[in-house]
Structures are given as C-alpha cells and as structure tokens.
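# Analysis of the macromolecular model
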Amino acid sequence: MRVLGIEFSRTTSSGVARRAAAYDYIVLYGDRFLLADRLEAYRFLGVDARLIHVTVSDAPSIPELMGHVGLVARLGRRGRVLVEGLGVEGFLAAALLVARRSGLARALRLVRAGGYNAVYNPLQARALVLLDVLGGWVDTLREALTRRDEAYSWEADLALEHAYMLAGFMPLSLSRVYRAALGRGGVGGDAERLAVEAGRLLAPSVRCIYIEPGMEVLSVHLGCSDPRGCRGLTGVAEKLYSRLARWLGLRGVRVLVEAPFETACLAYGYVDAEMCGREGGH
C-alpha cells in the first residue's frame, strides 16, 4: 500500500535482503519484541532501519504520534521509505493521511481499501480523532517532539482530549491548551486552565476521558489502565469537575471509573462501531 509516497507493508517471513536493497529507509512499526530480529537483520545489511514500538492493544500519546508521522514524512523527503509491521502499520498510514489533512473519514476509507486495518482498538480510534481535531489548529507534521515534550506527553494528550470534550459548549483554544500542557505557553481562561489541570492531575493513570453533561448531573468517565488503582483519583476528579458542573449550571458531578477501551468506545465508537459493538457518543 502506497500512502503519500510512503510504502506500507506487512512483515513477511522472507524478503529482508530484497527490501533492504529497494529502500533507503525502513521503519518497523509494531511490537519491539516481535520485530527486534527483523531490525537487526536490516541493519546488518546496511540499511537505515528504525523501530517504533506500538502494539495492537495500545496507542501512543498524541505528541508521540505526531513524532511518528513527522519522522516518516521527513524520511520521505530524503529517499524511498518502507514502513512495515505486523498489522499496526495501517494505523500509522491513517495517521499520516490525517496529519496531511486528508480528513479522518477519507483516511480510514483509503487504508481499508488498501487491505489494512486503520485501528485495532478504541484507543487508536481516539488517537486518530484527536490528531484530526488538533490538525485544525496546528500543523501536526511540523510540531517537533522534544525531549521535554516526552516528559509531558501523556499530560498534553489528556489535556487535549479534555479541551475537545469542552469545545462543544465552552470557548477555548485547543492549540493553546495542548502547548500549555507541554509547558510551551499559558492558557486563556478558566476552561483552558481546567483542561491543562486535568491532564496534570490525572495522567498517566487515566488514559482517556468522556464528559457527558446530563439534565442535572455531569457524568465523567475515567478510562484507567488499572481501574482499582485509579479509584484514589475519584476524589481529585470530583473536585476538579465540580467547577465545570457549576459553570454549566448542573447540581453535581458523578465520576465513573472504567477500563480505557470502554471509555474510548463511549466517546469514539463511531469510528468503528463494529469494533465497539455500538455507536459512539461524541
């Protein structure tokens, strides 16, 4: 499958020498333990090969994903690039299309037409949605990922999602929230400050959130990697989101702790309704 001049292919049991001769750069995208021998073989043959660790059961943070697509795009300007893996390379292909402003729906359609899965789990669907949303505010291919950013990547990821959830009913700037969470600037108001604070207080234990304003109560779903270990954050979240409830004229807040996939399906299930078994909620 060829996407914007970059070749994407599944890893095969053979063909290492042929591929090493055909490409200037090879990016192995997938589980580092399963692809380690492949990486070593390519490097032994003298090709510039790199490995980016992403599994079919997880997803990178938004700053990390921007770093992935930025790397592939830069290599593509220098020579012939092959991205290969054990399936999840379709996710990177979709992310590259989204970063190039192809639109999420079109990106998903093109990747599927090429015979690949664009998402393997709801967290990857979430990542593509947030990358698409952020792309309306910043150039996601040119936003360089620095070492400082890596330390705050999950905080920025969750702050961005929080801002996305609030954007439908409160004025704020997603780009300002994202950059403030990375320590690159300040915020412009209470809603933006709340989004940044949510990322700082809840990440990385909370992998995703879903905010659902009801008639009287604000429901906040926390998708935690370890729901039992995350219960200590419910009090923090209740205090944090009670401010939002007051701003919206609601009488209280209800915090629910769930598995990340469950929360991600509530918010982003529409990306792949079959995967989640129901329609998404945002």
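Everything that follows concerns the structure shown earlier in this document.
Here we summarise the structure given alongside this text. Since we're looking at a predicted model, the values are computed, not measured.

## Brief notes about the sheet that holds strand β7 (residues 217-224)
If you trace the three strands from one edge of the open sheet to the other, you get β6-β7-β8, paired in mixed fashion. Whereas interior strands pair on both sides, the edge strands pair on one side only; in this sheet they are β6 (206-213) and β8 (252-258). Taking each pair of neighbouring strands and ignoring which way they run, the sheet shows an average axis angle of 20 degrees. Lying on the sheet, helix α11 (residues 234-247) is in contact with β6, β7 and β8; it crosses β8 at an angle near 140 degrees. The sheet strands contacting helix α12 (residues 260-268) are β6, β7 and β8, and the helix crosses β6 at an angle near 40 degrees.

## A few points about the sheet that holds strand β1 (residues 2-3)
Each strand in a sheet pairs with another by means of backbone hydrogen bonds, the pair being arranged parallel or else antiparallel. Pairing is mixed across the open sheet formed by five strands, whose spatial order is β1-β2-β5-β3-β4. Edge positions in the sheet fall to β1 and β4 (48-53), since each of these pairs with one other strand and no more. Pairing geometry for strand β3 (residues 25-30) and β4, over six bridges, is parallel. Pairing of L28 across the sheet is with L51, part of β4. In this fold helix α2 (residues 32-44) packs onto β3, β4 and β5 (81-85), with an angle of close to 170 degrees to the strand it touches most, β4.

## Here we look at the nonpolar core
Ranked by size, the top nonpolar core spans 92 residues in total, and within it Y29, V83, V206, L222 and Y241 carry the most contacts. If you tally residues by element for this core, the top one is helix α4 (residues 89-99), at nine residues. Excluding anything up to four places from it in sequence, Y241 contacts H162, A198, L202, I209, I211, L218, V220 and V253.

## What to know about the state of the cysteines
Applying the stated criterion to the full structure yields two disulfides. The disulfide that involves C224 links it to C230, with 2.2 Å between the sulfurs. An S-S torsion of about -45 degrees defines the bridge between C224 and C230 as left-handed. You can call C224 buried: its relative accessible area is 0%. According to the relative accessible area criterion, C230 is buried, its value standing at 2%. In this model C265 forms its disulfide with C276; the gap between the sulfur atoms is 2.0 Å. Disulfide C265-C276: the torsion about the S-S bond is -85 degrees, which places it as left-handed. Placement of C265 in helix α12 and of C276 in helix α13 (residues 273-276) is noted, with a sequence separation of eleven residues between them. Judged by relative accessible area, which is 8%, C265 ranks as buried.

What counts and how
- Residues numbered from 1 in each chain as written.
- Predicted model: local features only at pLDDT ≥ 70, side-chain atom pairs only at ≥ 80, totals over all residues.
- Heavy atoms only, no water.
- Pairing = 2+ DSSP bridges.
- Helix = DSSP H or I, 4+ residues; strand = E, 2+ residues; numbered from the N terminus.
- Axes fitted to C-alpha atoms, helices over the stretch in contact; angles between N-to-C directions.
- Contact = heavy atoms within 4.5 Å.
- Core = buried A, V, L, I, M, F, W, Y, C linked by side-chain atoms within 4.5 Å.
- Buried < 20%, exposed > 50% of the residue type's maximum accessible area, 1.4 Å probe, protein only.
- Disulfide = S-S within 2.5 Å.

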